[in-house]
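Letter by letter, the chains look like this.
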Amino acid sequence: MNKKLEQILLLIKEDRKLFLKISFGVFLFILFFQPFALEHFDFNNRLLIIAGMAIIVFLSMALVKAALIWIIKSESQTFQDPTMLSYLGGFIIMVMDSIALAFYLRYVGNVSITFYTMFKIILISLSTPVVLVISYEIIDLKQQIALLTEQKFNTKKVLQDQKQNYLSESIVFTSDNSTDNLTLHVSDVTLIKSADNYVEIAFMENKLIRKKLIRNTLKNVEQLIKPYPNFVRCHRICIVNTLYVEKLNKKFNNYWITIKGSEEQIPVSRQYLLKLKESI
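Summary of the structure given here.

Each value, and the rule that gives it
- Residues numbered from 1 in each chain as written.
- Predicted model: local features only at pLDDT ≥ 70, side-chain atom pairs only at ≥ 80, totals over all residues.
- Heavy atoms only, no water.
- Salt bridge = Lys/Arg side-chain N within 4 Å of Asp/Glu carboxyl O.
- Helix = DSSP H or I, 4+ residues; strand = E, 2+ residues; numbered from the N terminus.
- Buried < 20%, exposed > 50% of the residue type's maximum accessible area, 1.4 Å probe, protein only.
- Pairing = 2+ DSSP bridges.
- Expected span 1.5 Å × (residues − 1).

On to the pattern of salt bridges. The full count for this structure, using the stated rule, is 8 salt bridges. With its nearest N and O atoms 2.4 Å apart, the salt bridge here joins Glu 264 to Lys 193. Here Glu 264, found in the loop between β9 (254-259) and β10 (265-268), pairs with Lys 193, found in strand β3 (residues 189-195); they are 71 residues apart in sequence, far enough to count as distant. Judged by its relative accessible area of 23%, Glu 264 is partly exposed. Look at Lys 193 and you get buried, because its relative accessible area is 18%. One salt bridge in this structure joins Glu 264 and Lys 211, with 3.4 Å as the shortest N-O distance. A residue pair is termed long-range when its members are at least 10 positions apart, and Glu 264 in the loop between β9 and β10 and Lys 211 in strand β5 (residues 208-215) qualify at 53 residues. Judged by relative accessible area, which is 49%, Lys 211 ranks as partly exposed. When salt bridges that share partners are traced, they join Lys 193, Glu 200, Lys 211 and Glu 264 into one network.

What follows is the structure in structure tokens.
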């Protein structure tokens, strides 16, 4: 069997359930609302005639789908506008259904084809491409959501890996006269606070918070830790490591945070509140 034909049959097979659902919907609609005069048939024959109409709808969708795939896959085809082909396919399905159902009702169902009967046939035929388009849009949206979810998961994993990498890096806090320094892992620093001409660095050591004063400015230290996104300024005198933020508290218009392992209340300015909330 031709490879292209096999691919077309495979794609039709993927849409088979959708085509069956639409055809069954047409069957139920005609059965319950009885838009055509089939009263001269007994119930069993009426079911067979309505089933035949549903089969016509199914075959028209399958044939048009196969034809469109063949056109798109054709190497010699230069017109490959998928949107235009989709609308063209819907129009062809409607025309095929209208003509086929009209002939079927006239010569099999013995229904007189009046203007009103033809109007109802066209409406039923129009419903098929409309439902198809909506179904394909829903399927496409689900696929996009699945793709975005996968991308989000992969991005999150990459960020977590990067986070683990930079948390193990070391920062060297040096005094402005280079006479004193403190080397700490990024993951150990809990809080950096301005203290006049010094900065107070709080860090975790043996599961306890230690503090050390180094002669420097908070502005210089902020430039030093800028590459690490887990450090966020929460106040004009404080920079906090968001890994250690236990809770953001509010009372009236005042905000403060508590740090894991400490009862100290760290002030939060409204100026930095939004960024802090995004980080934690």
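This paragraph deals with the pairing of strand β2 (residues 181-185). Residue alternation in β2 divides its side chains into a buried set, Leu 182 and Leu 184, and an unburied set, Asn 181, Thr 183 and His 185. Connecting strand β1 (residues 170-174) to the antiparallel partner β2 that follows it, the hairpin turn spans 6 residues, and Ser 178 within it adopts a positive phi of roughly 60 degrees.

Sheet topology places strand β8 (residues 245-251) next to β9; 6 bridges connect them, and they run antiparallel. Counted as the bridge partner of Val 245 is Ile 259 from β9. Between the antiparallel neighbours β8 and β9 lie 2 residues, among them Phe 252 with a positive phi of about 60 degrees.

Moving on, we get to helix α2 (residues 16-33). Between the first and last C-alpha of α2 there are 26 Å, a value that for 18 residues agrees with the 26 Å anticipated at 1.5 Å per step. Leu 18, Phe 19, Ile 22, Ser 23, Val 26, Phe 27, Ile 30 and Leu 31 are the residues of α2 that are buried.

Let us now look at unusual backbone geometry. Its identity is not glycine, yet Asn 110 carries a phi of approximately 55 degrees, on the positive side. On the secondary structure map, Asn 110 appears in the loop between α4 (82-107) and α5 (115-167). With a phi angle near 55 degrees, Asp 196 is a residue other than glycine that sits in the positive phi range. The exposure class assigned to Asp 196 is exposed, which follows from its relative accessible area of 77%.

No statement about biological role is implied by the geometric values presented.
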